[in-house]
Structures are given as structure tokens and as C-alpha cells.
Amino acid sequence: MAALFSHPQRRPPFLRQAIKIRRRRVRELQDPLPQTAQEMEPPPHHFSPEERTLLYEEALYTVLHRLGQPEPNHVMEASELLRYLQEAFPMEPEEHQQILQRVQELEKPTFCLKATVKQAKGILGKDVSGFSDPYCLLGIEQGVSMLGSSPGSRRRQKAVVRHTIPEEQTHRTQVITQTLNPVWDETFILEFEDINNSRFHLDMWDLDTVESVRQKLGDLTDLHGLRRIFKEARKDKGQDDFLGNVVLRLQDLRCREDQWYPLEPCTETYPDRGQCHLQFQLIHKRRATVASRSQPSYTVHLHLLQQLVSHEVTRHQEGSTSWDGSLSRQAATILFLHATQKDLSDFHQSLATPQEASEQGQHTWLAYSRLYQSLEFPSSCLLHPITSIEYQWIQGRLKAEQNVELANSFSSLLAYGLSLLRRFRSVFPLSVSDSPARLQSLLRVLVQMCKMKAFQELCPDSAPLPHLVTEALQTGTVEWFHLKQQQRQPMVQGILEVGKALLSLVQDIIGDLHQCQHTWNKIFHNALKIDLFSTAFLELQWLVAKRVQDHTAAVVSHPVSPETGESLFQLYISLKELCKLGPVPSERAGVLALDGFHRWFQPAIPSWLQKTYSVALARVQRAVQMDELVPLGELTKHSTSAVDLSTCFAQISHTARQLDWPDPEEAFMITVKFVEDTCRLALVYCSLIKSRARELSAGQKDQGQAANMLCVVVNDMEQLRLVIGKLPTQLAWDALEQRVGVVLEPGQLQNTLHAQLQGALAGLGHEIRTGVRTLAEQLEAGIAKHIQKLVGIKESVLPEDAILPLMKFLEVKLCYMNTNLVQENFNSLLTLLWTHTLTVLVEVAASQRSCPLASNRLKIALQDLEICFYAEGCGLPREALHTATFQALQRDLELQAASSRELIQKYFCTRIVQQAETTAEELGAVTVKAAYHASEQKLRVELLSASNLLPLDSNGSSDPFVQLTLEPRHEFPELAPRETQKHKKDLHPLFDETFEFLVPAEPCQKDGACLLLTVLDHDTLGADDLEGEAFLPLLSVPGLTGTEEPGEVPQTRLPLIYPAPNGDPILQLLESRKGDREAQVFVRQR
């Protein structure tokens, strides 16, 4: 029993030694498993059966010998309290009855009333000075019958205490002289036997000392004092004056009372005699229980509280709720009764039990702090006791041995709290939703406790709390690392197994640092300004660096297998993620152990690159082998292998981004290798997909199915080209170029990476063009066949009907190709087909030069084909359609489809344009004046002269004359040519001749209508030689377009021109029409 109810009577050890937090720095990267910090063992709260029985007797004894009226919130029925105790300890019914009977047989305690006379106010002044010299007599009257008396009744009688209570049981206060508001603050222990037949009496008297008349007259202040002198003269000398009394039934009192009571008079004289402040407490003396006889009262009370609180916490845990620190009514009642009966001081109650007077119900300290170390309940329940302890400490009510008890509780709780913080990862797991709140509450308790004056005075050697917590966190981080390392230790100590275990360990560390950064760091920083994340990161990175460096050194000393290389790569990626969590170099205090960790993995780079290419190649081969060359959908026209290939290339790019090698020059070489492998895979895919198409189409009889597959193949290649074109973005060439700018020669990146990419794109482009060319060849024969048929259709068939078979053929085929090809490839196909179609049309048009009907059909066909290939903007653009071949063909067909007269008209239109564009007079010029007189329908022409003619005769001169004709002649059939006079040997003849042509205005206003002036050199023996010719458009003649007669007619000077030396195409076309007499006549004339 002595061990249960006693505490060591010694000063607390130095806190840092008590918790023995030792932390070993691992700066040398050699870190054996650190020793676990010693923890102060929390005091046990579980009792042996014998101890529990004695404590149970104490509780039952308290309930059975209850005194006074119950408090408002307490339990009144003793049976309910007994049931609660039976459940709280717990006790079987038989054992409970046995102990209860044994307790009932114990001797009753001595019942006492602890009465404190605090003060009085407003009492009567009995002396001549107007004041009194008050004192009190008090005691307990026993054996008084209470029948018929009410709690509020007062017996008015004088000298009650002196006459009714034996002198040895009467207690007297000190005399307070000359006051109406005396203060005594004196406490008396009044014993009684039966609370139901006992009454408390207090009489207040004014002490009357013997004084001379001279003294009294000296104190006289007014007439009222003189009256007192005469009154005193009539009474006995030395007789005290009665000031009032207080009479209370003990059975009406609560266990504790603190009130102002009115002083009752014995007569109606001066009924208002003031008030007296009294405090009562019903206590026990000489309790018969073993615990009360052998141990200090507050120690017994502390253990009773521990037992009841333990039961309260357990009961809440069974109900899946968290205890908030509030005691049940039954527990509060029992603890209050026990503390009152044992007469515990306020400070001891703040150490051990709630103070009922506190509105907030401040709770225990010693009991709660001990129970917290062994039971799971919120640490916030310790905040109220801390506040109460601090208030009581300031009052200075503790003895030396109590200081030791309180100091030990501080030391124990601090050591236990630091041990929890050291193990916060397991004690406060994030898998439990309220863990952050519980950790925050614990830190608040520790901070509040360490800020207390009581703590600072009792534990002066304690280091600052932030320092202690930081050391605990550092040590705990190292312990957590070694625990995780032990958990990840593989059964088989092979290179591959060790690598996987190390990878899992690094991933655990990354997860822990994320939790520290996002959750725990804020809590520690707000409470203690501690950067938990930085502390944990610095510790863990040293520990990780040593193990990774040792592992990589062991791995790269032998050939790296694909499996080991993959494990190393994942470890490298995890270390990159770990380093990103740390501070940036500009914010570091020193060098980190993980700085430059990539160099440990450098020997493994070739195996990583080879593994990446091998995996990608196998994936490409498998994708092509599984491909049925069927479009994925209406909008997605490539097949499954193209999708797999895109994913494969994306994975290569992702691997390159993950690698992100820090060394610029080596990073450039790695990127070159990635680009080279990607381009190689692209060309391999082209070869595989074409072989797959040949394999699938080998057994196909349907040529359409083969065309479908070819379309899919071409689309797959186009999709591949798009993917390859994204390599500069996916591999971040711009960022790489900035990094390697200081180590590479200018243009080296462009010459290397871009050259590789352009070579791959060129190869893909060639493959795509080959595929599209194959598709185009399947359509070109049909187009040529329909165009050939077009010119052979009967003349009776309209041109629109004749071209219909060709347009239907193109509509079907192009619609099919548009459905099965992506837009880029479809446009390429259209370009090839358009070029081929123009070639066929040119050939056919050349063979049908002399047939206007066939040429007209070809002309209409060209127009319709242009509309078809343009497809309202969805096909080829206008600029792609209007090639030089197209424009030449269009002009030729325009001429070939025209009639002979239309050609003749076009011929003169062309010559008129040629005349207008000629400014030089190399062949000479003629000057004319022409006007049309509408009233007479006459065209009047004055041929004035010619000049600068070329000498055509052997004598160096010419014999010029001019022939005038209106052209074209089929518009003016009745007008014969006119001629001027012939001038001998004259290069500058002055003709000055006038000609009139009777002609209506209408034919003169048509396109091509002109006055042809042909200058000839007359030869007597042979044919006349041509000097040149001039064309005057009749539309420009004054008077032809208006209704008014022309006025003054201006002269017109026309340079002579000459027909083209290689022949006019219109004349050639007319000449080819052998069966057309009009055409042949015109050609001979020209």
C-alpha cells in the first residue's frame, strides 16, 4: 500500500537528462541504428486487486457517510452512486455486497463542521464613539429536537451560546476594536454527532471595558453618545452588549456553504443589525478506512480520481466517442464529497479534482497528466487544470514536498509529450481524421505548461521547448527511417531485390515529406515556429544519399541487366522528385548530400536508352501484327497501330522528360539518341505496315478492299508524320538549346537534331507520296478512258450529257477517297489526279484541233472538272487548279471550240490589241482621219499620208500604195476593198485621199470590227510586197457610238505592224480546218 499512495520525495532531474533525447548527426553518411531515447515511464493507473479493494472501501465509505444537502447538479440518491462505483471499479455483485457490508460495519467518522468567520458589515455601534469592539462566540447545540421547526425559523434569545453550549465546546474570535465592519477570517472545527439534531449558533458581542467618566467624555462626539453614557451608567460594569446572532440547522447546510447571513436581534429594537459572512464545510475526522488512516488525504483522492476518470474514458471509448474531459454527475458527486470530507485545500483539488466553484469546471492536474500518459483521451482536457494550477501557484500555498510532486508531474508529462512528438508519424496517423487536431492540442498543452511560472521555477534547468521538440523530431525522423528500412528489407539479398527495396524506401520518404509539407509543418510552425519539413528533409536526404550511393556503386560494377536498369531508372526518378521537394540552391545553408546524385547513375544511361528503344520496337511490332488496317471511325481514319505508335512515341518523350539529365553536354547527346531512335522506329513502322497491307490483301479478290487498306496505310503514315513533327516540343529543344549554348558550337544543335528530324520527315513524305501515287494510278486509267469516250459520242448528244459519265465516275471515286483518306492525303491525291487529267485533256485536245464539236465538249468538261476538284472550297484551292497547263489548255479549247467566223473575229480582236500596244514605228506609220455620219450611214475615211516606210525595191526605195478594207469581211460582205494611188519611189508618200463606205452602224460596233490599212510596195512583174498593216478599231471612230454628227475629226497616226513570224495560232487553227472553205479563204488572204 505504501507504494500505491506515496511519491518520491526528491527534486526532479534535469529535464534533458530525464528524457535523454540523443541525436546523432549523420554528416559522415555513416549512421548505425540510433539508440532509442529513454522515456520516463508514465505512472501506472491500474491497481492491484488489494489496492483496488481498499480504494473501493474508501469510495463506499464516502457515500455512506454523506453529510449535508446535495449540490444542484449532483446526484441525491446514494443507491445511484453505489451502482456507479460498482461499475467504475468494477465489482461483481457478490463482491460488492461483501465490501459494502464490511464498510457499513466500520466505525463512523467524527463529523465536524468547519466554520470560518470571515467578516461582518453594518453592525450596531454600541460605544459612545459610535463604533463597537465586536467579537463572536460560536458552537454547536446538540440534541435539539427539530420537529415542527422550519429551516428559516430563528430563535430570538440572548446569550444563547453561553447558556446552551458547554464552555469547553464554545469558541471565541478575536476582538476587533472600534469598527462597524470587522474582519476576522478565523476558522473553527466544531464536532457534532447527529446532523439532524444539531444546530449552529453564533453570537456577536460588543466588548465593554471599564473606563472612567473622564475617558468616556473624551470620546463623546454628539448627543447620541451622551445618551449611551447614561444608559451604561444603569448597567453592570464590564457587561458586553449583544449585537446579534445567527442560528442554522446543520441538516439545512450543503457540504460547502459560503454566504452572508443577517444578524438576528433579540427584540424588535434595531431590527437591522448588519450581516455576517460565514463559510461552512462538513468534514470528517478519524475516518475508519485503511486508506484514510495510512495515507495523505490528497493522495487517496488522487487515486480515486484516477480510477473514476479511467472508467469515464473507457466508457466513452466503448461508445465510439471521444472523452471531452467532463465528468459524469455521479463521478463529480463522489469526488466532491470525498474532497470535502477529507478537507482538501483548493490547490490540492486543482491538483487532483475539479473545483465546483469554477464555472468552467477546471479539472485535475496530477491525475489527468498521469492518466494522459496511459489512456487515450484528448490532451485538451489538460488545459483547464494548467490554468487553475497557475492561478493557485501565484497564491503561494505549496509546501516543499508538494513542489516535488508538481515538478515530477511536469517532468513526466514533458518527457511523455516529447516521446509522442518523436513518434508523431505513428501516434498521429493521417489515416485517422482527428490526428492533426490531437497533435495541435498536445503542442498547446506543452507550450502552455512550459510558459507557466510554476514550471519555470520548479524546472529551471529545462531547455527551451522549441529546442527540445526539434531534437525529438530529428531523432524521431532518424528512427522512422531505420524502421522503414527494416520493414523494406528483402528476404533475398540480391542486387535486384535490394534495389526494389531501396526504391520503396525512397517513395516512403517522399510520401512522408509531402505529409510534413502539407499537413504537419503548419501545426509545428504555428505552435513553436519550427520548420518540421526542413528538419525532416535534411535528416532524410543524408540517410538516403549513403544507401543510394552504395547501391549504385555495387550495381554498375557489373553489366547492368534490363531489370536492374529499370530499377535504377525508377530510383533515379524518385530521387529527382525527392530533390525537388528540398530548398532551392539560393536558400540552402550548405551542400546537400544528394547534390550531383545523377553522376552515380551515369554508367546506366546506355542500358536505359537501349531498354527504351527495345521496348518501343517490340510494341510497334506487336501493334502492326495486331492491326487489321481498318479505320477506327468516321472521324478517325487511321488504324489501331497508329494510335499505339503515338502512345509509344509519347512514352519515349515522357522518358526523356523524366530523365532530364542535368549535365548540358550529356543531355544533348541523350536527346540526339532519343531522336535517332524515334526516327528509326518511324521508318521501321512504315516498312512493317506496308508488309502488313500486302499480307492482308494477298488473299483478297475484292480490289476495293485492297484500296481500303492502302488508304489506311497512307493515313497511318500521315498520322506518324504529325507525331514526329511534335518532337521539338515534346523534347523541349528550345530549353535544351539554351542550356547547351555554352558548350556547343553555334548551329550544332540545328545541324544535328533538325537534320535527323528533316531526314525522317522526308522519308515519311516519300512513303506517303508513293502510297497516294498508287491510289491515283488506280483512278487515272478510268479518267483517261472517260475522256476518250467523250469525244467519240455522236454529234446529236448534248455536251452536258456527253460529259455526265466522266463526272459520275469522279463523284463516286473521289467521295470514296475522301471518306477513307485524311484531308492531307486526299488533297495530295486530288493534286495528282488533277495533273493527270490536264495531261489527258491536252493530248485529246491536240488530236481534236480541227473538230470544233469535240473541242467544245472538252471545253465544257474542263469547266466541270474545275468545279468538281474545287468542291466549293473543300477540294483544291483555285491557285492549285489554275496551273500554267490549265490556262494554256483553257485558251486552246476556247479557240478550238469556236466557229471559223468567231476565230476570224478573235483574230482581228487580237490584232487590234497588238496595234494598241505598238508604239514604235520601225515599219513606218500611216495617218488617217475617220468619222461616221449616222444620218447618211457612211463611214468617211481620209488617208492623209504614210511615213518612214521601209525600202523594199532594189533601188533603195518603194512604190507604196494603201489598200483599205473593212474587216471581218463576213460582217461587210458587200463592201469591196479600196486602194489609193501608187506613189513612185517615195518612202513618205502624201496620199490625201478620201474614201466613203456605205455601211450601217451595227456591224461597225461589233468586237473585232476594224478598218484594215495594208501598205504595199507595187511590183510590176511580181506580187506586191507587204510594207506593213495598221488596224483602226471602228468603235473608236467619232460619230459611231453617239447620235450627234462628228465635228472636227482628229488625225490618227497608226504604226505599221507585221504578222508574227512563227504564224498566228488562230490562222494555224483555221488552216487546219480543211473542209471549211471560209476558213481556207481567210487564211489565204492573210
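Residues numbered from 1 in each chain as written. Predicted model: local features only at pLDDT ≥ 70, side-chain atom pairs only at ≥ 80, totals over all residues. Heavy atoms only, no water.

**With respect to the overall build of the protein chain**
A tally of regular secondary structure across the protein chain gives 39 helices and 16 strands. The burial tally for the protein chain puts 50% of its 1086 residues in the buried class. Intrachain contacts of the protein chain at a sequence separation of at least 6 include 78% that bridge at least 24 residues. Accessible area for the protein chain stands at about 52,100 Å²; split by element, carbon and sulfur atoms hold 51% of it. (Helix = DSSP H or I, 4+ residues; strand = E, 2+ residues; numbered from the N terminus. Buried < 20%, exposed > 50% of the residue type's maximum accessible area, 1.4 Å probe, protein only. Contact = heavy atoms within 4.5 Å. Areas by Shrake-Rupley, 256 points an atom, 1.4 Å probe, with all protein chains shown as cover.)

**Considering the environment of Ala545**
If you trace the backbone, Ala545 turns up in helix H21 (residues 532-556). Remark: the alpha-carbon pair of Ala545 and Phe597, spanning 52 residues in sequence, is separated by 7.9 Å.

**Re the sheet that holds strand E7 (residues 256-262)**
Spatially, the four strands line up as an open sheet ordered E4-E1-E8-E7, and their pairing is antiparallel. On the outer flanks of this sheet lie strand E4 (183-192) and E7, each paired with one strand and no other. For this sheet, the mean angle separating the axes of adjacent strands, direction not counted, is 20°. Two strands pair when backbone bridges link them, and E7 and strand E8 (residues 275-285) are joined in this way by seven bridges, in the antiparallel orientation. (Pairing = 2+ DSSP bridges. Axes fitted to C-alpha atoms, helices over the stretch in contact; angles between N-to-C directions.)

**Thoughts on the nonpolar core**
Among the nonpolar cores identified, the biggest contains 211 residues, and Trp365, Phe410, Met449, Phe524, Phe601 and Trp608 are the most heavily contacted of them. Apart from residues no more than four positions distant in its own chain, Phe601 is found in contact with Val548, Thr552, Leu568, Leu571, Tyr572, Leu575, Trp608 and Trp661. (Core = buried A, V, L, I, M, F, W, Y, C linked by side-chain atoms within 4.5 Å.)

**A few points about helix H10 (residues 297-318)**
Quick reminder: α-helices carry 3.6 residues per turn. Residues three or four places apart thus point the same way. For H10, spanning 22 residues, the distance from its first C-alpha to its last is 32 Å, which sits close to the expected 32 Å at 1.5 Å a residue. Burial within H10 is extensive, with 17 of its 22 residues counted as buried. (Expected span 1.5 Å × (residues − 1).)

**Some thoughts on unusual backbone geometry**
Most peptide bonds adopt trans geometry, and most residues besides glycine take a negative phi value. Put simply, Phe89 and Pro90 share a cis peptide bond, and its omega is -25°. At the junction of Glu967 and Pro968, the peptide bond is cis and its omega measures out at -10° in the coordinates. Phi angles above zero are rare outside glycine, and Gln178 is one such case at about 45°. Among the residues examined, Gln178 registers a relative accessible area of 38% and is labelled partly exposed. With phi around 55°, Leu629 is a residue other than glycine that occupies positive phi space. As for its position among the elements, Leu629 is in the loop between helix H23 (605-626) and helix H24 (640-659).

**Structural notes on the sheet that holds strand E13 (residues 990-998)**
Pairing within the open sheet is antiparallel, and its four strands lie in the order E13-E10-E9-E16. Pairing within the sheet leaves two strands with one partner each, and these edge strands are E13 and strand E16 (1052-1055). When strand polarity is set aside, the average angle formed by the axes of neighbouring strands in this sheet is 25°. As paired elements, strand E10 (residues 938-947) and E13 share seven bridges and run antiparallel to each other. Bridged to Leu939 within E13 is Phe997.

**Quick word on the packing of helix H19 (residues 465-487) against helix H20 (residues 495-528)**
Their axes nearest at 12 Å, the elements H19 and H20 cross at an angle of 165°. Classified by the interaxial angle, the pair formed by H19 and H20 is roughly antiparallel. Once H19 is placed against H20, the crossing between them reads as right-handed. Of the residues in H20, those in contact with Leu465, Pro466, Val469, Leu473, Trp480, Phe481, Lys484 and Gln485 of H19 are Leu505, Asp508, Ile509, Asp512, Phe524 and Leu528. Its residues placed into classes, the contact of H19 with H20 shows 10 nonpolar, one polar and three charged. (Parallel < 35°, antiparallel > 145°, perpendicular 65-115°, else oblique. Left-handed = near helix turned anticlockwise from the far one by under 90°. Nonpolar A, V, L, I, M, F, W, Y, C, P; charged D, E, K, R; others polar.)

**Some points on the packing of aromatic side chains**
This model, assessed by the stated rule, comprises 22 aromatic pairs. An angle of 25° between the planes, with centres 6.2 Å apart, marks the rings of Phe533 and Phe537 as stacked. Of the two residues, Phe533 and Phe537 are both situated in helix H21; the distance of four residues between them amounts to about one turn of the helix. With a relative accessible area of 9%, Phe533 lands in the buried category. According to the relative accessible area criterion, Phe537 is buried, its value standing at 1%. (Phe/Tyr/Trp six-rings, centres within 6.5 Å; stacked < 30°, edge-to-face > 60°.)

**Remarks on the pattern of salt bridges**
Scanning all chains against the criterion turns up 36 salt bridges. Its salt-bridge partner being Glu58, residue Arg287 comes within 3.0 Å of it at the nearest N-O pair. Taken as a pair, Arg287 in the loop between E8 and helix H9 (290-294) and Glu58 in helix H3 (residues 49-64) lie far apart in primary sequence, 229 residues in all. Here the two residues Arg287 and Glu58 agree in accessibility, since each one is buried. For Arg773, the salt bridge goes to Glu780, with nearest N and O atoms at 1.9 Å. You can call Glu780 buried: its relative accessible area is 11%. When salt bridges with common partners are traced through the structure, they connect Lys673, Glu676, Asp677 and Arg680 into a single cluster. (Salt bridge = Lys/Arg side-chain N within 4 Å of Asp/Glu carboxyl O.)

**Side note on the pairing of strand E5 (residues 198-206)**
Of all the nine residues making up E5, nine are buried; the element is thus mostly covered by neighbouring parts of the structure. Along E5, one buried face is formed by Ser198, Phe200, Leu202, Met204 and Asp206 and the opposite face, lined by Arg199, His201, Asp203 and Trp205, is buried too. Where strand E2 (residues 134-142) lies against E5, nine bridges are found, and the strand directions are antiparallel. Residue pairing in the sheet places Pro134 in a bridge with Asp206 of E5. Relative to strand E6 (residues 241-249), E5 is paired through eight bridges, and the arrangement is antiparallel. Residue pairing for E6: Phe200 is matched across the bridge by Leu248.

**Thoughts on the packing of H19 against H21**
For the pair H19 and H21, the least separation of the axes is 9 Å and the interaxial angle reads 40°. In terms of axis orientation, H19 runs oblique to H21. You can see that H19 and H21 cross each other, and the crossing is right-handed. Of the residues in H21, those touching H19 at Leu473, Gln474, Thr477, Val478, Trp480, Phe481, His482 and Gln485 are Leu532, Thr535, Ala536, Glu539, Leu540, Leu543, Val544 and Arg547. Class assignment of the residues belonging to the contact of H19 with H21 gives a composition of nine nonpolar, five polar and two charged.

**Some points on the confidence of the model for the protein chain**
Low-confidence regions, as indicated by low pLDDT, have predicted coordinates that should not be scrutinised in detail. On average, the protein chain scores 84 in pLDDT, and the residues at 70 or more come to 87%. Below a pLDDT of 50 lies the segment residues 151-157, which in the model reaches 16 contacts outside its immediate sequence neighbourhood of four places, other chains included. Scored below 50 in pLDDT, residues 351-363 shows 43 contacts in the model against residues more than four places distant or in partner chains. (pLDDT = per-residue confidence, 0-100.)

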